[in-house]
Amino acid sequence: MRPISTKEAPAAVGPYSQAILSGFTVYTSGQVAINPATGKLVQDSIEAETQQVLDNLEAVLAEARMGFENVVKTTVFLTDIANFAAVNAVYAKAFKSDPPARSCVQVAALPLGARVEIECIATK
């Protein structure tokens, strides 16, 4: 088991790793839309926020030598389920074919005022 860390995604904002590689499986921590170059939360639109979340996840997966094609499960957290369709439209572009299993839930709040957070499990 080893931690995965990349400067291409935001640093952890607490006592956790960006991801853990265990055997051939990567478990990512949830990513919010922090732009790693600026350290600021992207809040232009729910679509831009979702894209940044996916960019961050992609960077973490790349550090583990994996990509979205390796993802078997995601969990999507939304502060407003009314954003479901808009998030889905961006999400579908990342998972073009054979999308992974997924759960999507509405939560009361997310760190730093984010509106969407996504975590995933990937395997080779």
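Owing to the predicted nature of the structure, the values given are computational and were not obtained by experimental measurement.

Ordered in space as β1-β2-β3-β6-β4-β5, the 6 strands form an open sheet in which the pairing is mixed. The sheet is open, and its two edges are formed by β1 (2–4) and β5 (101–106), each paired on a single side. Neighbouring strand axes in the sheet, compared pairwise and without regard to direction, differ in orientation by 20 degrees on average. Each of β1, β2 (19–22), β3 (25–28), β4 (71–78) and β6 (116–123) is contacted by helix α1 (residues 46–63), which is oriented at about 30 degrees to β6, the strand it contacts most. Each of β4, β5 and β6 is contacted by helix α2 (residues 84–94), which is oriented at about 150 degrees to β4, the strand it contacts most.

Attention now goes to the packing of α1 against α2. In contact at an axis separation of 9 Å, α1 and α2 are set at 35 degrees when each is read in the N-to-C sense. Two packed elements cross with a definite hand, and for α1 against α2 that hand is right-handed. Across the interface between the two elements, Ile 46, Glu 47, Thr 50, Gln 51 and Leu 54 of α1 pack against Ala 86, Val 87, Val 90, Tyr 91 and Ala 94 of α2.

As a further point, take the nonpolar core. Counting 35 residues, the largest nonpolar core has Val 26, Leu 61, Phe 68, Val 71, Val 76, Val 116 and Ile 118 as the members making the most contacts within it. When contributions to this core are tallied by element, the ones reaching two or more residues are β2, α1, β4, α2 and β6. No other element matches α1, which puts 7 residues into this core. Every residue in contact with Val 26, bar those within four places of it in the chain, is listed here: Ala 19, Ile 20, Leu 21, Leu 61, Ala 64, Met 66, Cys 120, Ile 121 and Ala 122.

A few words now on a nonpolar patch on the surface. Together, Val 13, Tyr 16 and Leu 112 line one region of the surface with nonpolar side chains, adding up to about 310 Å² of accessible area. Of the residues examined, Val 13 reaches a relative accessible area of 56% and is grouped as exposed.

Within β4, 6 of the 8 residues are buried, which leaves the element mostly enclosed by the surrounding structure. Regarding the hand of the β-α-β motif, the stretch spanning β4, α2 and β5 is right-handed.

Attention now goes to unusual backbone geometry. One non-glycine residue, Arg 65, lies in the positive phi region at around 60 degrees. Even without a glycine there, the phi angle at Leu 112 is positive, about 60 degrees.

Tracing the chain through its elements places Glu 117 in strand β6. Although buried, Glu 117 forms no salt bridge, and the nearest oppositely charged side chain, Arg 115, lies 13 Å from it. Setting aside chain neighbours within four positions, we find Glu 117 in contact with Gly 30, Gln 31, Val 32, Thr 75, Val 76, Phe 77, Leu 110 and Pro 111.

Calculation rules
- Every chain is numbered on its own, with residues counted from 1 as its sequence reads.
- For this predicted model, a pLDDT threshold of at least 70 governs which residues receive local features, and a threshold of 80 or more governs which side-chain atom pairs are given and counted, while totals over whole chains, interfaces and linings are taken from all residues.
- Side-chain measures here rest on the full set of heavy atoms in the structure, leaving out hydrogens and waters.
- Any two strands between which DSSP finds at least two bridges are classified as paired.
- We count a stretch as a helix when DSSP gives it H or I for four or more residues in a row; a strand needs E for two or more, and each element gets its number in order from the N terminus.
- Each axis is a line fitted through C-alpha atoms, taken for helices only over the stretch in contact, and angles between the N-to-C directions span 0 to 180 degrees.
- It only takes one pair of heavy atoms within 4.5 Å for two residues to be counted as in contact.
- By convention the crossing between two helices is left-handed if the near helix lies anticlockwise of the far one by an angle smaller than a right angle, and right-handed if it lies clockwise.
- We define a nonpolar core as any set of buried Ala, Val, Leu, Ile, Met, Phe, Trp, Tyr and Cys residues linked to one another through side-chain atoms lying within 4.5 Å.
- Three labels apply to residues, based on accessible area from a 1.4 Å probe with only protein chains included: buried if under 20% of the type maximum, exposed if over 50%, partly exposed otherwise in between.
- Patch membership requires over 30% relative accessible area and the absence of a salt bridge. Like charges are linked within 9 Å, and nonpolar side chains (Val, Leu, Ile, Met, Phe, Trp, Tyr) within 5 Å.
- Accessible surface is estimated by sampling points in the Shrake-Rupley manner with a 1.4 Å probe; for residues, cover comes only from the protein chains shown.
- What makes a salt bridge here is a side-chain nitrogen of Lys or Arg within 4 Å of a carboxyl oxygen of Asp or Glu, nothing more.
- Handedness rule for crossovers: strands pointing away from the viewer, path from the first strand over the helix to the second running clockwise, crossover right-handed.
- Positive charges are assigned to Lys and Arg, negative charges to Asp and Glu, while His and the chain termini are left out of the count.

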